[in-house]
There are 2 protein chains.
Amino acid sequence: MQSYTEENYLKTIYHISAVTDGSVQTNAIADGMQTKAASVTDMIKKLADKALVDYKKYQGVKLTETGRLAAVNIVRKHRLWEVFLVDKLNFKWDEVHDIAEQLEHVNSAELIERLDAFLAFPKNDPHGDPIPDKEGNFAAAACVKLNKLKIGEQGLVLGVSEHSPAFLRHLEKLGLTLGKQITITEITDFDGSMELSVESKTINVSREVSKHILIKI
Amino acid sequence: MQSYTEENYLKTIYHISAVTDGSVQTNAIADGMQTKAASVTDMIKKLADKALVDYKKYQGVKLTETGRLAAVNIVRKHRLWEVFLVDKLNFKWDEVHDIAEQLEHVNSAELIERLDAFLAFPKNDPHGDPIPDKEGNFAAAACVKLNKLKIGEQGLVLGVSEHSPAFLRHLEKLGLTLGKQITITEITDFDGSMELSVESKTINVSREVSKHILIKI
DNA sequence: TATTTTTTTTAGATTTGTCTAAACTTATAG
DNA sequence: CTATAAGTTTAGACAAATCTAAAAAAAATA
């Protein structure tokens, strides 16, 4: 079993490797954990002793299979709790992260099984992120970032790759929530901003925003 | 805000003072926390510095009003989560304690308000214990311990004052669960054991068991 | 290749909660 | 009213997770 802090390190390493693939650097982890590189080095050694990461000095770390599974399990718990908070307790999608961050560390396999069943085995969390199964497998979701689409193309909002409350509230205001059908009506070359039609309304999104919206074509 | 450990100390002190009233002794806390007296003394000083307990050397401690409120708040969370686990996730009443022990430390007032509403504002947890409101007030429940009843008297099973899984499973087996109507049909002077009728069945309970069953007459 | 910059690690300290062993208070019993 | 027992506190140490400052390694640059 891992400590609260070890779990957070594993999760952070997992999220970073999902983006960068290859080995994860000390400083990147320090950033993600809001801590200092020296602390990360110490913790890395502990995780390496427990065979949760492979570590060579100055070379960064990589999760072992055991480590990956532990991390995915935390992600699974986090996302299931988020579904609970939104679907059952009527929280908004920008309000649930911090609470799920705490709930994800509650340790009971039975609890998560039953929660999963209670929520009717959801496949995605309120931000569209896939929920892995008990064995750590994800249902592969075929999606494209909105900024890659061309004029005239259309699709469904499937998820987001940025979870800050500010960003999520912005999307809410635009009406760009999960499941919405969109069509690209215009792209400004100068700044890459896009005009979309969503439910017969026309809205504008900056490139910064479109980069973080996942679309199913 | 209190740490996880501080919260557990407050809760333990609260539960002990509910039984003993007067000041709570160091060793009693050490027992309840499964730790040593020396550790308790250290923590007591910390809690006293934070004005959560009143403390005089060698005289034990007493919760201050702030401390009592913090403790009751944890009890409230614990009991609401127990209701959730039993009512929504179909756990049995002897399975929920350890999980609620973890969930009670999740820190979000909003979460607890919404959970309370989701559960339709329950007044009691699955063991019959009253759930305090946000302000720390309990609805006073008029009840008597089963072992105080006389032959011929009857009442409703309202709660239990012992929460070990073994005890709860024993009651389950006897059919002595919350809300059941009982009548005392016989008392053995020798050992204080009782014969009851519950739903037209006749069962026997030892004095040790009857002491821990709360009855509404 | 030599030098500078960036990144990572070590060394030593700090905080929180714990422990053991010894010292000290208070209660109990002749 | 002393002697012993019971209960409590202090002193000193330790483990977990963190930090700062300094040293070391790797990468980037001239």
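Reading the values: rules and limits
- Residues numbered from 1 in each chain as written.
- Chains lettered and ligands numbered in written order.
- Predicted model: local features only at pLDDT ≥ 70, side-chain atom pairs only at ≥ 80, totals over all residues.
- Helix = DSSP H or I, 4+ residues; strand = E, 2+ residues; numbered from the N terminus.
- Rg over C-alpha atoms; globule rule 2.2 N^0.38 Å.
- Buried ≥ 20, exposed ≤ 12 C-beta atoms within 10 Å, placed from the backbone.
- Contact = placed C-beta atoms within 7 Å.
- Pairing = 2+ DSSP bridges.
- Axes fitted to C-alpha atoms, helices over the stretch in contact; angles between N-to-C directions.
- Left-handed = near helix turned anticlockwise from the far one by under 90°.
- Nonpolar A, V, L, I, M, F, W, Y, C, P; charged D, E, K, R; others polar.
- Near = placed C-beta within 6 Å.
- Least-squares fit on C-alpha atoms with pLDDT ≥ 70 in both.
- Core = buried A, V, L, I, M, F, W, Y, C linked by C-beta atoms within 7 Å.

J.: I keep staring at the overall build of chain A and nothing clicks. Help me out?
T.: Across its full length, chain A holds eight helices and eight strands. Since a compact globule built from 217 residues should have a radius of gyration of about 17 Å, the 19 Å found for chain A is in line with a globular shape. With the C-alpha coordinates of chain A rotated into their principal frame, the extents come out at 55 × 40 × 25 Å. A buried classification covers 30% of the 217 residues belonging to chain A. Taking as baseline every contact in chain A between residues at least 6 positions apart, the subset at least 24 positions apart corresponds to 56%.

J.: How do you make sense of the sheet that holds strand E6 (residues 194-198) of chain B when you look at a structure like this?
T.: Pairing between the strands of a sheet is mediated by backbone hydrogen bonds and can be parallel or antiparallel. Residues and elements named next belong to chain B. Read across the sheet, six strands follow the order E3-E8-E4-E5-E6-E7 without closing on themselves; strand pairing throughout is antiparallel. For this open sheet the edge positions go to strand E3 (144-145) and strand E7 (201-205), each flanked by a neighbour on one side alone. For strand E4 (residues 154-160) and strand E8 (residues 213-216), the ladder comprises four bridges, and the chain directions are antiparallel. Bridged to Val157 within E8 is Ile215.

J.: Sorry, what's going on with the packing of helix H1 (residues 4-20) of chain A against helix H2 (residues 26-33) of chain A here?
T.: For any two helices packed against each other, one specifies the inter-axial angle together with the distance between the axes. All names here are of chain A. Viewed as axis vectors pointing N to C, H1 and H2 meet at an angle of 115 degrees, and their least axial separation amounts to 10 Å. In terms of crossing hand, the pair formed by H1 and H2 is right-handed. On H2, the residues touching Asn8, Tyr9, Thr12, Ile13, His15 and Ile16 of H1 are Ala28, Ile29, Gly32 and Met33. When its residues are assigned to classes, the contact of H1 with H2 shows six nonpolar, four polar and no charged.

J.: In this structure, what is going on with the protein's contact with DNA strand D? I would like to understand it.
T.: The full set close to DNA strand D counts 20 residues, and A:Ser3, A:Ala38, B:Gln25, B:Asn27 and B:Ala38 are the nearest of them. For the surface near DNA strand D, the secondary-structure elements that each account for two or more residues are H1 and helix H3 (37-49) of chain A together with helix H2 (26-33) and helix H3 (37-49) of chain B.

J.: I tried to follow the protein's contact with DNA strand C on my own but got confused; where do I start?
T.: Taken together, 20 residues surround DNA strand C, and among them A:Gln25, A:Asn27, A:Ala38, B:Ser3 and B:Ala38 come closest. Of all the secondary structure elements, the ones that give two or more residues to the surface near DNA strand C are H2 and H3 of chain A together with helix H1 (4-20) and H3 of chain B. Top contributing element to the surface near DNA strand C by residue count: H3(B), with five residues. Looking at the surface near DNA strand C residue by residue, the class counts come to six nonpolar, nine polar and five charged.

J.: Would you mind showing me how to read the relation of the copies chain A and chain B here?
T.: Here the second copy of the chain follows from the first by a rotation about an axis and a shift along it. At an RMSD of 0.1 Å, chain A and chain B line up after a rotation of 180 degrees and a shift of 0.0 Å along the axis. Taken together, the rotation angle and the small translation identify this as a two-fold axis. Every residue of chain A has its C-alpha some distance from the rotation axis, and the shortest such distance is that of A:Leu103, at 3.6 Å. Mapped onto chain B, 100% of the interface residues of chain A are again interface residues, and the two copies thus contact each other with one and the same surface.

J.: What exactly am I supposed to notice about the interface of chain A and chain B here?
T.: Put simply, an interface is often sized by how much accessible area is lost when its parts join up. The interface of chain A with chain B comprises 13 residues on the first partner and 13 residues on the second. With four residues, helix H6 (residues 109-118) of chain A is the largest single contributor of residues to the side of chain A that touches chain B. Class assignment for the residues of the side of chain A that touches chain B results in seven nonpolar, four polar and two charged.

J.: Would you take a moment to explain the sheet that holds strand E7 (residues 201-205) of chain A for this structure?
T.: An order of E3-E8-E4-E5-E6-E7 (chain A) is seen for the six strands of this open sheet, with the pairing classed as antiparallel. The sheet is open, and its two borders are formed by strand E3 (144-145) and E7 of chain A, each paired with just one other strand.

J.: Please explain the nonpolar core as it appears in this structure.
T.: Nonpolar side chains in soluble globular proteins generally cluster together in the buried interior. Of all hydrophobic cores here, the largest spans 60 residues; its most connected members are A:Leu85, A:Ile213, A:Ile215, B:Leu85, B:Ile213 and B:Ile215. Residues contacting B:Ile213, with those up to four places away along its chain left out, are B:Lys145, B:Leu146, B:Val157, B:Val160 and B:Leu176.

J.: Before we go on, may I ask you to explain the pairing of E6(B) in this structure?
T.: Two faces, one strand: in a regular strand the side chains alternate between the faces of the sheet. All names here are of chain B. Relative to E6, strand E5 (residues 181-187) is paired through five bridges, and the arrangement is antiparallel. When the bridges of E6 are listed, Ile184 appears paired with Leu196. Hairpin geometry of E5 and E6 is characterised by an intervening segment of six residues between the two adjacent antiparallel strands and by a positive phi of about 75 degrees at Gly192. Examined bridge by bridge, E6 and E7 share five bridges and lie antiparallel to one another. Within the sheet, the bridge partner assigned to Ser197 lies in E7 and is Thr202. Between E6 and E7, which pair antiparallel and follow one another directly, the connecting turn spans two residues, one of which, Glu199, has a positive phi of 50 degrees.

Shape descriptors only; they carry no functional weight alone.
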